[in-house]
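Analysis of the macromolecular model
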Amino acid sequence: MPRVLNHAAHWHLRAQESLLLAAQLEDPVAKAAILQIAEEYERLAARAVKRESDEAAIKPQPSKGPHSA
């Protein structure tokens, strides 16, 4: 899986850029399309966060031996 898919910050940034662009548009159809793209970027960000937490949950944790503090 490409690494960028796992970077929520990347997708949040894309969403913000899309919102800024939409704010500048006067055509309601174009504006709606860009706002929908921003929503999709936020969904990608949420999925990246979930993948990150899922991967963290399945990583083996270091075992604590009898001499651990």
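As the structure is a prediction and not an experimental result, all values here were calculated from the model.

**Quick look at helix α1 (residues 8–24)**
In a regular helix each residue adds 1.5 Å, so 17 residues correspond to 24 Å; α1 covers 25 Å between its end C-alpha atoms and thus fits that length. Of all the positions in α1, only A8, W11, A15, S18 and A22 are classed as buried. Projected down its long axis, α1 shows its buried positions confined to an angular sector of 85 degrees, all on one face. More than 90 degrees from the buried face of α1, the exposed residues found are A9, L20, A23 and Q24. Next to the buried residues of α1 lie α2 (28–58).

**Re the packing of aromatic side chains**
Using the criterion set out here, one finds one aromatic pair in the structure. Seen from their ring centres, W11 and Y41 are 5.8 Å apart, and the 25 degrees between their planes marks the pair as stacked. Taken together, the positions of W11 in helix α1 and Y41 in helix α2 put the pair 30 residues apart, joining distant regions of the chain. On the basis of relative accessible area, W11 is assigned to the buried category, the value being 11%.

Cut-offs applied
- Residues numbered from 1 in each chain as written.
- Predicted model: local features only at pLDDT ≥ 70, side-chain atom pairs only at ≥ 80, totals over all residues.
- Heavy atoms only, no water.
- Helix = DSSP H or I, 4+ residues; strand = E, 2+ residues; numbered from the N terminus.
- Expected span 1.5 Å × (residues − 1).
- Buried < 20%, exposed > 50% of the residue type's maximum accessible area, 1.4 Å probe, protein only.
- Arc of directions from axis to C-beta.
- Contact = heavy atoms within 4.5 Å.
- Phe/Tyr/Trp six-rings, centres within 6.5 Å; stacked < 30°, edge-to-face > 60°.

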